[in-house]
Amino acid sequence: MSTTVANTGTEDKTWGGGNEPLKASYGKMMMWFFIVSDALTFSGFLAAYGFSRFKFIDSWPIADEVFTHVPFLHGQELPMIYVAFMTFVLIMSSVTMVLAVDAGHHLNKAKVTIYMFLTIIGGIIFVGSQAWEWATFIQGDYGAVQTKGGNILQFVDTDGHRVALRDFVEAGEHERVQQEQKNGIWFVSEGSLPTYTVEEVIHGLEKHDNVLVRTQILNEHGHKTVLDRAESIKQLKANGKHVVEGANLKENEYGSPLFADFFFFITGFHGFHVLSGVIINIIIFFNVILGTYEKRKSYEMVEKVGLYWHFVDLVWVFVFTFFYLV
Amino acid sequence: MAHAHKLEIFRGLVKFKSNTQKIWGVLIFLTIITAVEVVLGIYKPESLMGHVLGMKGLNWIFIILTLVKAYYITWDFMHMRDETAGLRRAVVWTAIFLILYLIFILLQEGGYVFNVYDNGYIKRDF
């Protein structure tokens, strides 16, 4: 690196600039300080999530009921399995990264190349998994009815198992069609309309004796409150406003819209870090192949991106705990 | 500096012969912790659902296990173990102090807002 910095001729003096009291190079130390500031940013987000959760402590969605899907295993309820897989992939790619750093210390170009490559693959698998997780979350599963007050009414059978709207509601002819730019006012459009109207849901509920309404409120055992039959129909008729399928920033079939907002924001911000980490890793990977660090006789650059990559893993460990476990 | 790794974990209980070996050892440890978390998360044993210090016992276990994982990622993967005490303290204590402060303020206020809603917009009736 000495070729990139002008010498001042005072390196031997205490304040001449040649000192490294923390025995770390400038670049590495700055990476650490960047990580501290980024850690504070993520802590801010997670603490804000905690704030909202404590604010709605008696009605927050139960993560185990939200994230139950695993690719290729359709229709099975497998909470935690896929996130555990994602966590393992990220930890594994952290391991290959630290192995690359170690190989760099021994100036072993071939090994650094292989381990960097594996790290990048791990990162890509993780980002892909996250995209799939988002798609599943956005698409939704069971559907729900939002009340005038913005709460969510879900449906269960008498055994307490969730029932999807498609299983008991029949869609009729709808007069209301989706407004698009081509068939209405040209500067106005809207998102896709729900499959069912609230009237159809009420009709379906009245026809099926075994379907009950479940509210957002958690009882003393930590389960959602299930209303009895008469109360179910009464609540739905009195307060049902529109049908929600899936989740977006405004509404969320799983419960409080804030849950979806924080999910998109925090995992999105983390996913963006992983993505940028993958891109930086690819740049370093090509530098390794080109022999840049071989000529420099130092693989410290690999160490620096390694720090960033481990940090991304570190953040995920916390996101995993606070979104999926606690 | 670059070649002088400390090869002990668990305060010297486990010693490794090389840095590569230590990395695999730490991976096994982290995998076990994650597996324990996932199993507890799926089965949620009833005996751990009692409240300790205002939160479910199980949640405290998750948070402590997370901090353990964070420690080993930082110390062994990010080589904090090999850095000087000055750098280590500057990074770790700064972050811990500020994060604890942030968490305290936000969770305290979140609980306050919940109570205000819960008691019909009256927090304390003097």
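Since the structure is predicted, the reported quantities are computational estimates derived from the model, not experimental observations.

1. Details of a nonpolar patch on the surface
All names here are of chain A.
Line of reasoning, step 1. A contiguous nonpolar surface patch, about 520 Å² in accessible area, is contributed by Phe85, Ile114, Phe117, Leu118, Ile121 and Ile125.
Line of reasoning, step 2. No other element matches helix α4 (residues 109-139), which puts five residues into the nonpolar patch.
Line of reasoning, step 3. Counting through the fold element by element, Phe85 comes out in helix α3 (residues 81-105).
Line of reasoning, step 4. On the basis of relative accessible area, Phe85 is assigned to the partly exposed category, the value being 38%.

2. Considering the domain arrangement of chain A
Residues and elements named next belong to chain A.
Line of reasoning, step 1. You can read the domains of chain A as domain 1 (23-140 + 259-325) and domain 2 (144-245).
Line of reasoning, step 2. The C-alpha centroid of domain 2 is placed 37 Å from the C-alpha centroid of domain 1.
Line of reasoning, step 3. Each partner contributes to the interface: domain 1 provides nine residues, whereas domain 2 provides seven residues.
Line of reasoning, step 4. Carbon and sulfur atoms supply 45% of the area buried between domain 1 and domain 2, which totals about 570 Å² over both sides.
Line of reasoning, step 5. When the buried surface of domain 1 facing domain 2 is broken down by residue, Asp58, Ser59 and Glu65 rank first, second and third, together holding 60% of it.

3. Examining the pattern of salt bridges
Line of reasoning, step 1. With the rule as written, the count across this model stands at 12 salt bridges over all chains.
Line of reasoning, step 2. We note a salt bridge from Lys22 of chain B to Asp76 of chain B, for which the minimum N-O separation is 3.1 Å. With a gap of 54 residues between them, Lys22 of chain B in helix α1 (residues 19-43) and Asp76 of chain B in helix α2 (residues 57-77) connect regions that are remote in the sequence. Pair check on accessibility: Lys22 of chain B and Asp76 of chain B agree, each one buried.
Line of reasoning, step 3. If you follow the salt bridges from partner to partner, you end up with Lys28 and Glu303 of chain A together with Glu83 of chain B in one network.

4. A closer look at the domain arrangement of chain B
Line of reasoning, step 1. By domain assignment, chain B separates into domain 1 (1-82) and domain 2 (84-126).
Line of reasoning, step 2. Computed from C-alpha atoms alone, the centre-to-centre distance between domain 1 of chain B and domain 2 of chain B is 25 Å.

5. So, the sheet that holds strand β3 (residues 211-218) of chain A
All names here are of chain A.
Line of reasoning, step 1. The sheet built from five strands is open, its strands ordered β4-β3-β2-β1-β5 with antiparallel pairing. Looking at strand neighbours, the two that pair on one side only are β4 (224-226) and β5 (240-244), the edges of this open sheet. Ignoring strand direction, the axes of neighbouring strands in this sheet form an average angle of 40°.
Line of reasoning, step 2. As paired elements, strand β1 (residues 144-147) and strand β2 (residues 152-157) share two bridges and run antiparallel to each other. Across the sheet, residue Val145 finds its bridge partner in β2, namely Leu153.

6. Structural notes on the confidence of the model for chain B
Line of reasoning, step 1. Confidence in the prediction for chain B averages 88 pLDDT; 94% of positions are at 70 or higher.
Line of reasoning, step 2. Taken element by element, chain B is modelled with least confidence in strand β1 (residues 8-9) of chain B, mean pLDDT 80, and with most confidence in α2 of chain B, mean pLDDT 94.

Cut-offs used in this document
Residues numbered from 1 in each chain as written. Chains lettered and ligands numbered in written order. Predicted model: local features only at pLDDT ≥ 70, side-chain atom pairs only at ≥ 80, totals over all residues. Heavy atoms only, no water. Patch = residues over 30% accessible without salt bridge, like charges linked within 9 Å, V, L, I, M, F, W, Y side chains within 5 Å. Areas by Shrake-Rupley, 256 points an atom, 1.4 Å probe, with all protein chains shown as cover. Salt bridge = Lys/Arg side-chain N within 4 Å of Asp/Glu carboxyl O. Helix = DSSP H or I, 4+ residues; strand = E, 2+ residues; numbered from the N terminus. Buried < 20%, exposed > 50% of the residue type's maximum accessible area, 1.4 Å probe, protein only. Domains from an automatic or database assignment. Contact = heavy atoms within 4.5 Å. Buried area = accessible area lost by both parts, 1.4 Å probe. Pairing = 2+ DSSP bridges. Axes fitted to C-alpha atoms, helices over the stretch in contact; angles between N-to-C directions. pLDDT = per-residue confidence, 0-100.

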